[in-house]
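Commentary on secondary and tertiary structure
What follows is each chain in one-letter form.
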Amino acid sequence: MSSVKQFQVTFDCADPERVARFWCEVLGYVVPSPPEGFATWDDFDRSLPPERRGAAFACGDPSGVGPRLFFQRVPEGKAVKNRVHLDVRVGTGLVGEERLATLEAECARLVALGAVHVRTLVADGYEESCITMQDVEGNEFCLD
């Protein structure tokens, strides 16, 4: 039995490029170079049939360690809570007030990018603090 070496995380969304560029800012990811023969992704997009223009976008970890993120346009809007979400690990190894301050600072940075702060869960003696948020299209994620 072979083991999985790589995976990508795929997001259904209305505006793939907008959501991808948001996640690039959140994670420090980059948009790959356009396909050979195209100077820009806009040039590539214009080469597609009208119904395929703007239908997908991707970004990746510049170090090659993290998974590729792929964003695909779907006709339906988001209707319920995500079954899978990303935990953005900005507070790893921190506890108490130091952790909460780090999470709140990152939350403020992401709100400025268009994210929505949903709620802050303060440490309760069992779990450390975390912040629940939504990206620019309402997909839930956590600052952990």
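Definitions and limits used
- Residues numbered from 1 in each chain as written.
- Predicted model: local features only at pLDDT ≥ 70, side-chain atom pairs only at ≥ 80, totals over all residues.
- Heavy atoms only, no water.
- Pairing = 2+ DSSP bridges.
- Helix = DSSP H or I, 4+ residues; strand = E, 2+ residues; numbered from the N terminus.
- Axes fitted to C-alpha atoms, helices over the stretch in contact; angles between N-to-C directions.
- Contact = heavy atoms within 4.5 Å.
- Parallel < 35°, antiparallel > 145°, perpendicular 65-115°, else oblique.
- Left-handed = near helix turned anticlockwise from the far one by under 90°.
- Salt bridge = Lys/Arg side-chain N within 4 Å of Asp/Glu carboxyl O.
- Buried < 20%, exposed > 50% of the residue type's maximum accessible area, 1.4 Å probe, protein only.
- Core = buried A, V, L, I, M, F, W, Y, C linked by side-chain atoms within 4.5 Å.

This part is about the sheet that holds strand β7 (residues 140-143). Strand order in this open sheet of 4 strands is β4-β7-β6-β5, and the pairing throughout is mixed. Each edge of the sheet is formed by a strand with only one pairing partner; in this case those strands are β4 (86-88) and β5 (116-121). Going from strand to strand, the sheet's axes swing by 25° on average, the running direction of each strand aside. With 3 bridges joining them, β4 and β7 adopt parallel strand pairing. Within β7, the position partnered with Val88 by the bridge is Leu143. Packed onto the sheet, helix α1 (residues 16-27) meets β4 and β7 and runs at close to 35° relative to β4.

With their axes 11 Å apart at the nearest point, α1 and helix α3 (residues 96-112) run at an angle of 155° to one another. In terms of orientation, α1 and α3 fall into the roughly antiparallel class. Classified by chirality, the crossing of α3 by α1 is right-handed. The residues of α3 that touch α1, namely those facing Phe22, Glu25 and Val26, are Glu106, Arg109 and Leu110.

Once that is clear, we can look at the environment of Leu100. Mapped onto the elements of the fold, Leu100 is located in helix α3. Sequence separation of Leu100 and Pro67 is 33 residues, and the distance between their C-alpha atoms is 27 Å.

With that settled, the discussion passes to the pattern of salt bridges. One pass over the full model with this rule turns up 6 salt bridges. A salt bridge links Lys78 to Glu140, with the nearest nitrogen and oxygen atoms 3.1 Å apart. One end of the pair, Lys78, is in the loop between β3 (68-73) and β4; the other, Glu140, is in strand β7, with 62 residues separating them in the sequence. For Lys78, a relative accessible area of 38% puts it in the partly exposed group. Residues Asp144 and Arg99 are paired through a salt bridge, measuring 2.7 Å at the closest nitrogen-oxygen approach. Linking Asp144 in the segment after β7 with Arg99 in helix α3, this pair joins segments that are 45 residues apart in sequence.

Before going further, it helps to spend a moment on the side chain of Thr132. Mapped onto the elements, Thr132 comes out in strand β6 (residues 130-134). With residues near it in sequence (within four places) discarded, Thr132 still touches Val116, His117, Val118, Arg119, Leu121, Phe141 and Cys142.

All right, on to the nonpolar core then. In this structure, Trp23, Leu69, Phe71, Met133, Phe141 and Leu143 are the most contacted members of the largest nonpolar core, which totals 24 residues. Every element with two or more residues in this core is listed here: β1 (8-13), α1, β2 (56-59), β3, α3, β6 and β7. At 6 residues, the largest contribution of residues to this core is made by α1. Discounting chain neighbours no more than four positions away, the residues touching Met133 are Cys107, Leu110, Val111, Ala115, Val116, His117, Val118, Asn139, Glu140, Phe141 and Leu143.

The next subject is the sheet that holds β2. Within the open sheet, the 3 strands sit side by side as β1-β3-β2. Their pairing is mixed. With one partner strand each, in any of the chains shown, β1 and β2 form the two edges of the open sheet. Averaged over all pairs of adjacent strands, the angle between strand axes in this sheet comes to 20°, irrespective of strand direction. Across 4 bridges, the pairing between β2 and β3 is antiparallel. The partner of Phe57 across the bridge, within β3, is Phe71. Sitting on the sheet, α1 is in contact with β1, β2 and β3, with an inclination near 155° to β3.

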